[in-house]
Amino acid sequence: MLLRKKLVRLSGVAVLAGLMIAARAGAAETAEQIVLDPAWEFAGYSVINTGSAALYHAPAEAARGVTVCVNAGHGTAGGAAVYTLSHPDGSAKLVSGTTQAGATQSIAISAGTTLLDGTSEAAANLSLAMLLKEKLLDNGYDVLMIRETDDVQLDNIARTVIANNTADCHIALHYDSTQNNKGIFFLTPPNVDAYLNMYPVSLHWQEHTALGRTLISGLQSVGAGIYGNGEMEMDLTQTSYSTIPSIDLEVGDTASDHSEYTQGIIADGIVAGLNTFFSESAAEPEKPGSRENF
Ligand SMILES: [Zn+2]
């Protein structure tokens, strides 16, 4: 079912002329450049969307027919100076994050934090994203890379809408702004009726939560440190516009080690979680009827 769904989605993809060729482990790697199609649902809510994402295909012999969107958080120059609707229906944010609860508009995409060693969060997110991309391709996943350089001109809504239309799940990578290396967690939709009943959250919040919990299990399986029960409620622009399983994963904070070794373990945990998530999706289990059933 996933494959068929994806093919339908991809038929509407806006692909820039030409293929990008890059070297990867000695083999040719090609990517389709994906731009925001103004006809896609919610595309008109984006204000920064002149950039493009890159869609990489796994080797044909190993391909699963599943596309993972890897969204290295932040890295959009000028993104903090403009605003977008927090929710597509214009309602106010319910939980304070970068933007306070009560606001109907959110920063289009913030600059992110700075790690204690002076590395920008955006750079740490990017190095993890690049590691994760290679591991996903090696495991047969196609990969939609939202950002592969310091700057891509795509705000949170543009990133989300591109993922909605070209991927089977969306993982945004972040480091939190705290300073105690508290462990990994994901941001789950707030358990508030007004939010869970709001379209498109109403149709997808259960799969966001399921994806997050499965990734946390995968991260636990490789020995990564988890914060609390691995989840925190947050009212995010990403979640508010997502129509595929979609999470913000906070892989550490400003005090966390972000060496290639540690990020490699995190990437392995994410891949392990995705392997479980998509094998369970293929079996199409019954979805829980209420949040309490999780
Ligand atoms: Zn962040």
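Please read all numbers here as calculations on a predicted model, not as lab measurements. (Residues numbered from 1 in each chain as written. Predicted model: local features only at pLDDT ≥ 70, side-chain atom pairs only at ≥ 80, totals over all residues.)

## With respect to the overall build of the protein chain
Then, in step 1: The helix and strand inventory of the protein chain stands at 7 helices and 11 strands.
Then, in step 2: When burial is assessed residue by residue, the protein chain has 46% of its 294 residues classed as buried.
Then, in step 3: Long-range pairs, those at least 24 residues apart, make up 78% of the contacts in the protein chain between residues at least 6 apart in sequence. (Helix = DSSP H or I, 4+ residues; strand = E, 2+ residues; numbered from the N terminus. Buried ≥ 20, exposed ≤ 12 C-beta atoms within 10 Å, placed from the backbone. Contact = placed C-beta atoms within 7 Å.)

## Description of the pairing of strand β11 (residues 246-253)
Side chains on a regular strand alternate between the two faces of the sheet.
Then, in step 1: Across the 8 residues of β11, 8 count as buried, placing the element largely inside the fold.
Then, in step 2: Sheet topology note: the strand β8 (residues 169-176)/β11 ladder contains 6 bridges and is parallel. Looking across to β11, one finds that Ile-171 is bridged to Ile-247.
Then, in step 3: Here strand β9 (residues 184-188) runs beside β11; their pairing, made up of 3 bridges, is antiparallel. When the bridges of β11 are listed, Phe-186 appears paired with Leu-249. (Pairing = 2+ DSSP bridges.)

## What to know about the environment of Ser-120
Then, in step 1: With respect to the element layout, Ser-120 can be found in the loop between β6 (105-107) and α2 (121-138).
Then, in step 2: The exposure class of Ser-120 is partly exposed, given the 17 C-beta atoms found within 10 Å.
Then, in step 3: In the structure, Ser-120 is positioned 45 residues away from Gly-75 in sequence and 9.6 Å away in space, judged by C-alpha atoms.
Then, in step 4: Once residues lying within four places of it in the same chain are set aside, the contact partners of Ser-120 are Gly-112 and Thr-114.

## Side note on the nonpolar core
Then, in step 1: Within the largest apolar cluster, 66 residues are counted, with the highest numbers of intra-cluster contacts made by Val-68, Val-70, Leu-144 and Ile-171.
Then, in step 2: Here this core gets 8 residues from one element, more than from any other, and that element is α2.
Then, in step 3: Val-70 has contacts with Ala-129, Leu-132, Lys-133, Val-143, Leu-144, Met-145, Ile-146 and Ile-171, leaving out every residue within four places of it along the chain. (Core = buried A, V, L, I, M, F, W, Y, C linked by C-beta atoms within 7 Å.)

## Examining unusual backbone geometry
Then, in step 1: With an omega of 5 degrees, the peptide bond between Tyr-199 and Pro-200 qualifies as cis.
Then, in step 2: Here Pro-200 is to be found in the loop between α4 (193-196) and α5 (201-221).
Then, in step 3: In this structure, Phe-42 is a non-glycine residue whose phi angle is positive, near 75 degrees.
Then, in step 4: Looking at the secondary structure, you find Phe-42 in the loop between β2 (27-34) and β3 (53-56).
Then, in step 5: In the Ramachandran plot, Asn-181 falls in the positive-phi region, its phi being about 45 degrees despite a non-glycine side chain.
Then, in step 6: By C-beta crowding, Asn-181 is classed as partly exposed, having 15 other C-beta atoms within 10 Å.

## Some thoughts on the environment of His-170
Then, in step 1: Its location among the elements puts His-170 in strand β8.
Then, in step 2: Put simply, His-170 and Ser-246 are 76 residues apart on the chain and 4.5 Å apart in space, counted from C-alpha to C-alpha.
Then, in step 3: With sequence-adjacent residues up to four places away left out, His-170 is seen in contact with Cys-69, Asn-71, Thr-160, Ala-163, Ser-242, Ile-244 and Ser-246.

## A look at the confidence of the model for the protein chain
Then, in step 1: Chain-level pLDDT for the protein chain is 89 on average; 85% of the residues reach the 70-or-more range.
Then, in step 2: Per-residue pLDDT stays below 50 along residues 1-28; that stretch engages in 36 contacts with residues further than four places along the chain or on separate chains.
Then, in step 3: Low pLDDT, under 50, characterises residues 285-294; the stretch is placed with 7 contacts to residues that sit more than four places away or in other chains. (pLDDT = per-residue confidence, 0-100.)

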